Structures are given as C-alpha cells and as structure tokens.
Amino acid sequence: MSGSPDPERPEGVGAVETPGPAAAPVSIDANAAPALIEAPAPVEPRPWLERLGLAAIAVVLGALLALVAVAAGTGGEWILAAMAASGAALTFGVGLQTLIRG
C-alpha cells in the first residue's frame, strides 16, 4: 500500500478528516455566575382536552403491554412478562401524571 491516491476511488471516499484545534477554555467569574443564570420561564399546563387525549393513549398502550405480559407469562416467557408488566405500569403512571400535572 503506497501513499499515492487510488485512481479508481472517487475523491473524498475513504478520506479521514482530522479534527480542528480544540476550543480555548472559557473562564467565568464566580461572582458573576448567578447573574448569568436565568430562571426558566413558567410553563403553562396543557389544556384539559390534550391531557385527556394523552391519558387515553397511555391507557390503550398500557393495556396492550399488560396483555403482552399476561400472554408471555402464560407461555412461560417470564423475562418478557416482567418487562411488559413494568412497561405497562410505567405507561399507566405517566398517563396519570399527565392528568395530574398537565
């Protein structure tokens, strides 16, 4: 293998780019740091219709995961059953959280 380019290879194919110079470290005055941090803007809660829709989707997906957990447990696939059951529990929890917190 020589250092000359291969005439049959298109230009740029197989070329390795080296990264550029590293960025210089940035120093921040410790006394000025609190002034640089802004409080996040308050977020409005979702409308009730959107909350109900998202919760309904979570209920459907959670029910499907619960069905998979039951089917896997019946078939003897205990790891799959445990994963599906935990997924169902988490999905129901997120749906409930969507309703409560918005």
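Above: the structure in question.
Residues numbered from 1 in each chain as written. Predicted model: local features only at pLDDT ≥ 70, side-chain atom pairs only at ≥ 80, totals over all residues. Heavy atoms only, no water.

A.B. asks: Which parts of the structure should I look at to understand helix α3 (residues 78–101)?
C.D. replies: Every α-helix winds through 3.6 residues per turn, so residues three or four apart in the chain are directed the same way. Under the 1.5 Å per step criterion, the end-to-end length of α3 is 34 Å for 24 residues, consistent within 8% with the ideal 34 Å. Taken residue by residue, α3 has Ala81, Ala84, Gly87, Ala88, Thr91, Gly95 and Thr98 as its buried positions. The inward-facing, buried residues of α3 abut α2 (48–74). Within two residues after α3, Gly102 carries a phi angle of roughly 80°, on the positive side. (Helix = DSSP H or I, 4+ residues; strand = E, 2+ residues; numbered from the N terminus. Expected span 1.5 Å × (residues − 1). Buried < 20%, exposed > 50% of the residue type's maximum accessible area, 1.4 Å probe, protein only. Contact = heavy atoms within 4.5 Å.)

A.B. asks: Sorry if this is basic, but what is going on with the environment of Met83 here?
C.D. replies: Summarising the element assignment, Met83 is placed in helix α3. Distance in space between the C-alpha atoms of Met83 and Ala72 is 9.9 Å, their sequence separation being 11 residues.

A.B. asks: I tried to follow the packing of aromatic side chains on my own but got confused; where do I start?
C.D. replies: Tallied over the full model, the rule gives zero aromatic pairs. Of note, Arg51 hangs over the ring of Trp48, and the distance from its end group to the ring centre comes to 4.4 Å. (Phe/Tyr/Trp six-rings, centres within 6.5 Å; stacked < 30°, edge-to-face > 60°. Lys NZ or Arg CZ within 6 Å of the ring centre and 35° of its normal.)

A.B. asks: How should α2 be read in this particular structure?
C.D. replies: In this model α2 runs 38 Å from its N-terminal to its C-terminal C-alpha over 27 residues, within 8% of the 39 Å that 1.5 Å per residue would give. All of the buried residues in α2 are Arg51, Ala55, Ala58, Gly62, Ala69, Ala72 and Gly73. Contacts from the buried residues of α2 go to α3.

A.B. asks: What am I meant to see in the side chain of Thr98 here?
C.D. replies: Inspection of the secondary structure puts Thr98 in helix α3. At 2.9 Å, the side chain of Thr98 and the backbone oxygen of Val94 are in polar contact. The contact partners of Thr98, leaving out residues within four places of it in the chain, are Arg51 and Leu54. (Polar contact = N/O pair within 3.5 Å; in protein donor to acceptor, adjacent residues only side chain to side chain.)

A.B. asks: Would you mind showing me how to read the environment of Ala69 here?
C.D. replies: Its place among the elements puts Ala69 in helix α2. Its relative accessible area of 13% is what places Ala69 among the buried residues. In this structure, the C-alpha to C-alpha distance between Ala69 and Ala85, residues 16 residues apart in sequence, is 5.3 Å. The residues touching Ala69, leaving out its near neighbours within four places in the chain, are Ala81, Ala84 and Ala85.

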